[in-house]
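# Close look at the chain arrangement
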Amino acid sequence: MIIYEKAPAKINLMLDVLHKRNDGFHEVEMVMTMVDLADRLTLQETETNRITLSSQSGYIPLDDKNLAVRAARLLRQRFGIQRGVHMVLEKRIPVAAGLAGGSSDAAAALRGLNRLWELGLSISELEELGAELGSDVPFCVSGGTALATGRGEKLEKIPSPPHSWVILAKPPINVSTADVYGNLKAAEIQQHPSASAMQAALEQGSFTDVCGTLGNVLEDVTLKLYPGVARLKQVMESLGADGVLMSGSGPTVFGLVNKEEKARRICNGLRGFCEEVYAVRTLG
Ligand code: ATP
């Protein structure tokens, strides 16, 4: 049997850090939504009991460090599975970009193996297992749009943004999420974006209010560490995107745009400035 799973990228419409917890994690409030830029994961039964992974991407580990492999190992160990699997990962989401590519691959592996190995696990059971792999994995299990709290694993489904274009621009910089959080002084954050204002904008289906409520407290840190990201943000704004924000810990900057013509113009304008540019749609 062969099973296919799509693993879409996420963007953060808002990201706030409330404080650092005693366990070392940060207490966050985030609104996350999926976009239609996706990796593709194929899961295939094998004769052996080994877990193997191949990918056309040269930028990701293929061994036990890969989050999809870790998801398979977790399921096998937790449920005493003896069967193996060969996974083929077609990577399209840029790596270490703030788009949760690895987390989405892990979530796709959990969903796919639940089917392949006939485990009968519910979505919330898969989300709980996902939390053991990474803070963004539970959200990626069912996708959509959610308010995430705790360290990102407590999810409340909320309405998706009105259909719009999302221009993703990934500068050629590797940003370490750990470094960004390490440089963040949670107690000194001046302006906290509002999760409730974003939730209200989404409930009203107001594209203008969604754009006006975008905010990410990690921007201050990443933009200071990497001035190239700050310049990219300015360029995206000057090209006329309706709302512009850095996703996650960066370095990808996204622009929300409600007209196709304008989206195309912004993409063309960005191409001289940044090599990796994608025009995608929000996923409802
Ligand atoms: P997040 O937004 O959740 O912080 P990210 O988009 O910044 O994630 P990823 O693309 O998930 O970052 O990659 C982070 C690191 O995880 C990479 O350096 C990579 O080596 C490792 N990794 C492990 N498995 C994967 C995978 N399946 N795809 C991409 N990266 C992976």
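Along each chain, the written sequence defines residue order, and numbers are assigned to residues from 1. A pLDDT threshold of at least 70 governs which residues receive local features in this predicted model, and a stricter bar of 80 or more applies before side-chain atom pairs are shown or counted, although totals over entire chains, interfaces and linings include all residues. Excluding hydrogens and water, the side-chain figures rest on all heavy atoms present in the structure.

## Notes on the pairing of strand β7 (residues 165-170)
Taken across its six residues, β7 has six buried, putting it largely inside the fold. Every second residue of β7 is oriented toward a common face, with W165, I167 and A169 on one face and V166, L168 and K170 on the other, all of them buried. Strands were regarded as paired on the criterion that DSSP finds at least two bridges between them. Each helix is a run of H or I in the DSSP string that is no shorter than four residues. Each strand is a run of E no shorter than two, and both are numbered from the N terminus. Both β7 and strand β10 (residues 253-257) contribute to a ladder of five bridges, which runs antiparallel. Directly across from I167, in β10, lies its bridge partner G255. Bridging between β7 and strand β11 (residues 276-281) involves six bridges; their strand directions are antiparallel. Each bridged residue has a counterpart across the sheet, and for K170 the counterpart in β11 is E276. Buried, partly exposed and exposed residues are distinguished by accessible area as a fraction of the type maximum, computed with a 1.4 Å probe on protein chains only: under 20%, between the cut-offs, and over 50%, respectively.

## Re the nonpolar core
For soluble globular proteins, the rule of thumb is that nonpolar side chains tend to be buried together. We define a nonpolar core as any set of buried Ala, Val, Leu, Ile, Met, Phe, Trp, Tyr and Cys residues linked to one another through side-chain atoms lying within 4.5 Å. In terms of nonpolar packing, the biggest core is built from 71 residues, with V17, M87, I167, M236 and L270 touching the most fellow members. Ranked by residue count, the leading element in this core is helix α2 (residues 101-116), at seven residues. Domain delimitation in this document rests on an assignment produced automatically or drawn from a domain database. Shared between two domains, this core holds at least three residues of each, these being domain 1 (2-157) and domain 2 (165-281). Non-local contacts of V17, meaning those with residues more than four positions away in its chain, are made with H26, E27, V28, Y181, L184, A186, I189, H192, V217 and L218. Of all hydrophobic cores here, the second largest spans 26 residues; its members include I11, L99, L147 and M198. Working rule for contacts: check all heavy atoms of both residues, and any pair within 4.5 Å makes them a contact.

## Description of the side chain of K233
Considering the arrangement of structural elements, one finds K233 in helix α9 (residues 227-238). K233 has contacts with E219, L223, V244, L245 and V253, leaving out every residue within four places of it along the chain.

## Side note on the site of the ligand
Each residue is tested against the molecule or strand, and it is near if at least one of its non-hydrogen atoms lies within 4 Å. Neighbouring residues of the ligand: 20 residues in total, closest A96, A100, G102, D105 and D136. Between N66 and the ligand, the recorded distance is 3.1 Å, taken from a side-chain N or O atom to a nitrogen atom. Examining the composition of the shell around the ligand, we find that four residues originate from one element, α2, more than from any other. Within the shell around the ligand, the residues separate by chemical class into nine nonpolar, six polar and five charged. Identification of polar contacts relies on pairs of N or O atoms within 3.5 Å, with a donor-acceptor requirement for protein atoms, meaning one able to donate a hydrogen and the other able to accept it, and with residues adjacent in sequence counted only if both atoms are side-chain atoms. When residues are sorted by character, Ala, Val, Leu, Ile, Met, Phe, Trp, Tyr, Cys and Pro go into the nonpolar class, Asp, Glu, Lys and Arg into the charged class, and all the rest, Gly among them, into the polar class.

## Here's the deal with the sheet that holds β7
One open sheet holds the four strands; their spatial order is β9-β10-β7-β11, and the pairing between them is antiparallel. Every interior strand has two partners, whereas the edge strands, β9 (243-246) and β11, have only one. Within the sheet, the average angular offset between the axes of one strand and its neighbour, ignoring direction, is 20 degrees. Relative to β10, β9 is paired through four bridges, and the arrangement is antiparallel. Each residue of the ladder has a partner; that of V244, found in β10, is G255. Interaxial angle, 0 to 180 degrees, is taken between N-to-C directions of lines fitted to C-alpha atoms, where a helix line uses only the stretch in contact.

## Examining the packing of aromatic side chains
Within 6.5 Å between ring centres, the rings of Phe, Tyr and Trp (the latter by its six-membered ring) count as paired, and their orientation is classed by plane angle as stacked under 30 degrees, edge-to-face over 60, tilted in between. Tallied over the entire structure, the rule returns zero aromatic pairs. Here, a charge over a ring means that NZ of Lys or CZ of Arg falls within 6 Å of the ring centre while also lying within 35 degrees of the ring normal. The ring centre of F25 lies 4.7 Å from the NZ or CZ of R151, which sits over that ring. When the ring centre of W165 is taken as reference, the NZ or CZ atom of R281 above it lies at 4.5 Å.

## Overview of the packing of helix α8 (residues 218-225) against α9
For any two helices packed against each other, one specifies the inter-axial angle together with the distance between the axes. Following both chains from N to C, one finds α8 and α9 inclined at 115 degrees, their axes separated by 4 Å at the closest point. By the angle class used here, α8 and α9 are roughly perpendicular. In this structure, α8 uses E219, T222, L223, K224 and L225 to contact α9, whose residues at the interface are P227, V229, A230 and K233. The class makeup of the residues in the contact of α8 with α9 is five nonpolar, one polar and three charged. Each angle is binned into one of four classes, with values under 35 degrees roughly parallel, values over 145 roughly antiparallel, values of 65 to 115 roughly perpendicular, and all other values oblique.

## A look at the environment of K154
Tracing the backbone shows K154 in strand β6 (residues 154-157). The spatial distance from the C-alpha of K154 to the C-alpha of E127 is 9.5 Å, given a sequence separation of 27 residues. Apart from residues lying up to four places away in sequence, K154 is in contact with L147, A148 and T149.

## So, the side chain of S164
By secondary structure assignment, the location of S164 is in the loop between β6 and β7. For S164, a relative accessible area of 2% puts it in the buried group. Here S164 is in contact with F207, L256, V257, N258, V280, R281 and T282, once residues within four sequence places are set aside.

## Quick look at the pattern of salt bridges
One side-chain nitrogen of Lys or Arg within 4 Å of one carboxyl oxygen of Asp or Glu is enough to make a salt bridge. The final tally for this structure, using the stated rule, is 16 salt bridges. Notably, a salt bridge pairs R111 with E5, separated by 3.0 Å at the nearest N-O pair. One end of the pair, R111, is in helix α2; the other, E5, is in strand β1 (residues 2-20), and 106 residues separate them in sequence. E5 matches R111 in its accessibility class, with the two residues each being buried. The closest approach of N and O atoms between R115 and E5, which form a salt bridge, is 2.6 Å. Of the two residues, R115 is situated in helix α2 and E5 in strand β1; the sequence distance between them amounts to 110 residues. A relative accessible area of 42% means that R115 is categorised as partly exposed. What makes E5 buried here is its relative accessible area of 12%.

It is worth stressing that arrangement in space is one thing and function is another; only the former is reported here.
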